[in-house]
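Tertiary structure, described
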Amino acid sequence: MIHDVLPRPLFTDEHTLYRDMVRRFVEAEIVPHHAQWDDDGVVPRALWSKAGETGLLCPTVAEEWGGPGADFLYSAIVIEEMGRVWANGPGFIIHSEMAAPYIETHGTDTQKAAWLPKLVSGEAVVGVAMSEPAAGSDLRGMKTRARQTDDGWVLTGQKVFISNGQLADVFIVAAKTSEGTGVDSVSLFIVEADRPGFRRGKNLAKIGAKAQDTSELFFDGVEIPHGNLLGTAPGKGFSQLMHGLARERLTIAISCIAKAEGALDMTLAYVADRELFGKKLADFQNTQFKLAEVRAEITVGRAMVDQMLALHLQGRLDANAAAAAKLWTTEMLGRTVDTCLQLFGGWGYMWEYPIARAYADARVERIAGGGSEVMKSIIAKAMFREQGIKATF
Ligand SMILES: Cc1cc2nc3c(=O)[nH]c(=O)nc-3n(C[C@H](O)[C@H](O)[C@H](O)COP(=O)(O)OP(=O)(O)OC[C@H]3O[C@@H](n4cnc5c(N)ncnc54)[C@H](O)[C@@H]3O)c2cc1C
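What comes next is a walk through the structure. (Residues numbered from 1 in each chain as written. Predicted model: local features only at pLDDT ≥ 70, side-chain atom pairs only at ≥ 80, totals over all residues. Heavy atoms only, no water.)

1. Let's talk about the overall build of the protein chain
A tally of regular secondary structure across the protein chain gives 12 helices and nine strands. Oriented by its inertia axes, the alpha-carbon framework of the protein chain measures out at about 80 × 55 × 40 Å. When contacts within the protein chain are restricted to residue pairs at least 6 apart in sequence, long-range pairs at least 24 apart make up 74% of them. When the accessible area of the protein chain is evaluated, it comes to approximately 18000 Å², of which 55% is carbon and sulfur surface. One finds the centroid of the 41 positive side-chain charges in the protein chain at a distance of 6 Å from the centroid of its 49 negative side-chain charges. (Helix = DSSP H or I, 4+ residues; strand = E, 2+ residues; numbered from the N terminus. Contact = heavy atoms within 4.5 Å. Areas by Shrake-Rupley, 256 points an atom, 1.4 Å probe, with all protein chains shown as cover. Lys, Arg positive; Asp, Glu negative; His and termini not counted. Charge placed at Lys NZ, Arg CZ, Asp CG, Glu CD.)

2. Some points on the pairing of strand β2 (residues 145–148)
The sheet contact formed by β2 and strand β3 (residues 152–163) spans four bridges and is antiparallel. Note on β3: the bridge partner recorded for Gln 148 is Trp 153. As consecutive antiparallel partners, β2 and β3 are separated by three residues. (Pairing = 2+ DSSP bridges.)

3. Looking at the site of the ligand
By nearness alone, 16 residues border the ligand, and Val 128, Ser 131, Ser 137, Phe 161 and Glu 373 come closest of all. Within the backbone of Gly 136, one N or O atom sits 3.4 Å away from an oxygen atom of the ligand. Backbone polar atom of Phe 161 to a nitrogen atom of the ligand: 2.8 Å apart, as the coordinates give it. Relative to its free-state accessible area of 980 Å², the ligand is covered by the protein chains to the extent of 62%. Those elements that provide at least two residues to the shell around the ligand are β3 and α12 (372–387). If you tally residues by element for the shell around the ligand, the top one is β3, at three residues. (Near = heavy atom within 4 Å. Polar contact = N/O pair within 3.5 Å; in protein donor to acceptor, adjacent residues only side chain to side chain.)

4. Considering the layout of surface pockets
Here the second largest pocket defines a volume of roughly 430 Å³. Together, 21 residues line the second largest pocket, and Val 85, Trp 86, Met 266, Pro 354 and Arg 357 are the ones closest to its centre. Only α2 (34–40), α8 (245–273) and α11 (354–362) provide two or more residues apiece to the lining of the second largest pocket. Ranked by residues supplied to the lining of the second largest pocket, first place goes to α11 with four residues. Of the residues contributing to the lining of the second largest pocket, the split by class is 11 nonpolar, three polar and seven charged. (1 Å grid on protein atoms, 1.4 Å probe; cavity = no way out; pocket = protein on both sides within 12 Å on 5 of 7 lines; lining within 4 Å. Points joined across faces, edges and corners; volume = space filled by probe spheres on them. Nonpolar A, V, L, I, M, F, W, Y, C, P; charged D, E, K, R; others polar.)

5. Description of the side chain of Ser 163
Tracing the chain through its elements places Ser 163 in strand β3. For Ser 163, a relative accessible area of 19% puts it in the buried group. Those residues in contact with Ser 163 that lie beyond four places of it in its chain are Ile 94, Gly 127, Gln 212, Asp 213 and Thr 214. (Buried < 20%, exposed > 50% of the residue type's maximum accessible area, 1.4 Å probe, protein only.)

6. A short note on the pattern of salt bridges
With the rule as written, the count across this model stands at 20 salt bridges. A salt bridge links Arg 84 to Glu 27, with the nearest nitrogen and oxygen atoms 3.2 Å apart. You can see Arg 84 sitting in helix α4 (residues 72–84) and its partner Glu 27 sitting in helix α1 (residues 13–30), a full 57 residues away along the chain. Between Glu 192 and Arg 195 there is a salt bridge whose closest N-O contact spans 2.6 Å. The exposure class of Glu 192 is buried, given its relative accessible area of 15%. Linked through salt bridges whose partners overlap, the residues forming this network are Asp 4, Arg 8, Arg 19, Arg 23, Glu 27, Glu 80, Glu 81, Arg 84, Glu 261, Arg 302 and Asp 306. (Salt bridge = Lys/Arg side-chain N within 4 Å of Asp/Glu carboxyl O.)

7. Quick word on the nonpolar core
Taken as a class, soluble globular proteins show a tendency for nonpolar side chains to be buried jointly. Core analysis: the largest hydrophobic core is formed by 106 residues, its most contacted members being Ile 30, Phe 92, Leu 155 and Phe 189. Tallying contributions element by element places α8 first for this core, with 12 residues. The residues contacting Phe 189, other than those within four sequence positions of it, are Ala 146, Trp 153, Leu 155, Phe 171, Ile 172, Val 173, Ala 175, Thr 177, Ile 224, Asn 228, Leu 229 and Leu 230. (Core = buried A, V, L, I, M, F, W, Y, C linked by side-chain atoms within 4.5 Å.)

Okay, structure coming up:
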């Protein structure tokens, strides 16, 4: 296993104990089964309950809502330990770091009491349903609509690419609640999967992250009560979305650094063993230099991400800085898996080799959660604004 080049002073002895526990869980309950789950296209539902019992879900949810009330470093530990072994099937990160925070941050006390304890224990699994066939980066183009009635809302539309789509018991769903594309035109709803009119579509066949159930969802006149509007007033969807962006992007950045370490780890083991032209692959200077470059990038990325972790703990990480981290770490991961796979030669192209899966899995990081182009656009806008440069975007 790779050891950190730089110390990580944010993490205390208690964090290390938690990391050891998470690592044991991942090694025992996830690693031996993951290849089978890749073939199945989904992980077993029971894994969620086990993860909840062990304390892996929603580490930061406050004690008053049934959580451990831990700091975000505990979340980072789960993300890193899953990333290190490329455990992309279980959608714990979407559940704990993207969906649950919507409820905890914006939900009413009734909504928090109804859902957060179940999300912590794994009794309920949650997904986030924003993207649509014709609206991903450009969410203002979404077509799903919620019409207000005396009893609540009626939801009609379609979502696509939704992680945890086959397993989730409940979704945070974005829908238009007024005409136009203004900032107040979208609201978020808590939608239970057992409501009449709700239907799961296909578990989509992907080139990577195959054990993750990524699905279409259909809403055909789904009636939901007033109490399922997230928060108390409609029209807050975009501001609720914006609020969580720094944490979401930091989460992806943390994961990418850990995944790059995992890819380096498997490649070091391979080059130490593989023989060609009468010597080890590790003896070639090309191998040494390529892997040194990978390690240098991981060291730089880890230093950046740890600094952002520190800022996030102080509530000072802004979405633009986190966009830079998402952009750089996802692109770095793409370079890393490509370099590593090359050193495996033809074996690297074989699905049975973890580096082949890593190569395929890594590709999505530059697309989901806001593509690299979206990150560049955000960074450029902020920089030009700061410099007083007028430009069209
Ligand atoms: C495996 C997977 C899991 C996902 N999980 C979820 C989920 O759980 N919930 C959810 O709601 N969504 C999810 N998504 C959807 C994901 O967030 C979208 O795919 C992403 O936002 C891009 O949207 P799009 O696919 O519609 O591409 P488009 O929006 O059509 O983008 C096409 C290309 O244009 C680029 N682009 C965008 N804006 C600009 C610009 N201003 N200038 C230049 N180029 C630009 C994009 O980066 C991309 O390269 C998931 C996607 C995948 C693949």
